[in-house]
Amino acid sequence: MAPKPNQSLQTRAVLSALLEKPLSWRHGYDLSKATGLKSGTLYPLLIRLSDQGLLDSKWEEAEPGRPPRHAYRLTASGKALALSFDAEKGTRAAPGGKLAGKPA
Amino acid sequence: MTIARRFAERLIDHAAAVMPERLSEWAEAMRAEFDTMPEDREALAWAVGCVWASYRERIELMQIFSKSLLRAAAGFVALAASIHGLIWWSPRYVGLLVPALSLFYGGVFATLWLVELAIARFWTAPGKPFLKTLLRTTVLWLWPVGWEVSIFVGAWKATLGYPHVHVDFIGFMLRILIDRAGYFSFYFVAIFVPLLLCELIIASVSKPRSRLPA
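Residues numbered from 1 in each chain as written. Chains lettered and ligands numbered in written order. Predicted model: local features only at pLDDT ≥ 70, side-chain atom pairs only at ≥ 80, totals over all residues. Heavy atoms only, no water.

The name given to chain A in an unreviewed UniProt entry is Transcription regulator PadR N-terminal domain-containing protein, with Rhizomicrobium electricum as the source organism.

Structure below.
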């Protein structure tokens, strides 16, 4: 059976890192440090997420003499997916059916 | 600029060259991050990762490494190697020699064929059509005769009664020599050497050794 897309721990880590600051644009190096993923793992994931419309990207002007940098943030659907993973994580962390993070 | 930094830059250039054209923006993105790194060691690790990412993307595009086909080919080779071991163990099974070699060559040739297709696909780029690249890298006419070659070598081996000479090696060397693009030999040798080693191990552990009828 083919594995479900975006279910890997690495993908979740990237989505979760992007969800921490959903409005700000993040760079690849910054994401690599936040998730502990090497560039060889991170970029294929970013490409995949971008192809699926879960990630927005843009070129940002850098300091003079430096090339522009690619920056990323979650799209609305990316944010929804990241939130669903977060909720799932909360459910797993709180056994007994009580949803973590939900008001009582 | 340190040697490590220079090497890392070469790696980044290579990553950009390997990355499929559709994703060239991502190669630039990886390079831009690389340029912000002050530490050489970190930059080198980043560059190695970028090469890995580019190859992953390029291989993803090939869609030629059918896992089931590769497994089937490997299965053929494994089955043939087992029969080989059986024959060395007892002459009663000598009748299996030709089918075993056919399986062996069938599997190896199929695997090599897939590898060549993949290599050709890998280097296919706009202006470098796939078929043209394939023709430049593969002696296509050799593949249909692979089975005949295997049966011929099997029969020859049986006639000689010389199971440990590895006459099949000649077939491979011929295949390598005939190939027009010299550097592809590397891939063939890289595949062949482990197979030969496996065969030698099987031969050495299969006791008592028997002599095949002349």
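That covers the picture; the talk isn't over yet.
Engineer: An account of helix α1 (residues 9-20) of chain A is requested, with residue identities and associated values reported.
Structural biologist: With 12 residues, α1(A) should reach 16 Å at 1.5 Å per residue; the first-to-last C-alpha distance of 16 Å fits that figure. All buried positions along α1(A) are accounted for by Thr11(A), Arg12(A), Val14(A), Leu15(A), Ala17(A), Leu18(A) and Leu19(A). (Helix = DSSP H or I, 4+ residues; strand = E, 2+ residues; numbered from the N terminus. Expected span 1.5 Å × (residues − 1). Buried < 20%, exposed > 50% of the residue type's maximum accessible area, 1.4 Å probe, protein only.)

Engineer: Let's hear about the packing of aromatic side chains: which residues, and what values?
Structural biologist: This structure, assessed with the given rule, holds four aromatic pairs over all chains. With 5.7 Å between their ring centres and 90° between their planes, Tyr43(A) and Trp46(B) make a pair best called edge-to-face. Taken together, the positions of Tyr43(A) in helix α3 (residues 39-51) and Trp46(B) in helix α3 (residues 40-62) put the pair across two chains. Their ring planes at 0° and their centres at 5.5 Å tell us that Tyr72(A) and Trp26(B) sit as a pair that is stacked. Taken together, the residues Tyr72(A) in strand β3 (residues 69-74) and Trp26(B) in helix α2 (residues 24-35) connect one chain to another. (Phe/Tyr/Trp six-rings, centres within 6.5 Å; stacked < 30°, edge-to-face > 60°.)

Engineer: Give me the interface of chain B and chain A: which residues, what numbers.
Structural biologist: Between chain B and chain A, the contact holds 23 residues from the first and 21 residues from the second. At the boundary of chain B with chain A, total buried surface from both sides reaches about 1900 Å², with 62% on carbon and sulfur atoms. Here chain B and chain A share three salt bridges between them. The interface formed by chain B and chain A holds 10 residue pairs in polar contact (both at pLDDT 80 or more) in total. Breaking the side of chain B that touches chain A down by element, the ones donating at least two residues are α2 and α3 of chain B. At 10 residues, α3(B) tops the list of elements feeding residues into the side of chain B that touches chain A. Taken together, the residues of the side of chain B that touches chain A break down into 12 nonpolar, two polar and nine charged. (Contact = heavy atoms within 4.5 Å. Buried area = accessible area lost by both parts, 1.4 Å probe. Salt bridge = Lys/Arg side-chain N within 4 Å of Asp/Glu carboxyl O. Polar contact = N/O pair within 3.5 Å; in protein donor to acceptor, adjacent residues only side chain to side chain. Nonpolar A, V, L, I, M, F, W, Y, C, P; charged D, E, K, R; others polar.)

Engineer: How would you explain the environment of Glu60(A) if you had to name every residue and give the values?
Structural biologist: Residue and element names in this part refer to chain A. Note on placement: Glu60 falls in strand β2 (residues 55-60). Overall, Glu60 belongs to the partly exposed group, its relative accessible area being 22%. Counting along the chain gives 11 residues from Glu60 to Ala71, while the straight-line C-alpha distance between them is 6.6 Å. Apart from the residues within four sequence positions on either side, Glu60 is in contact with Trp25, His27, Pro68, Arg69 and Ala71. Only 2.8 Å separates the side chain of Glu60 from the side chain of His27, close enough to count as a polar contact.

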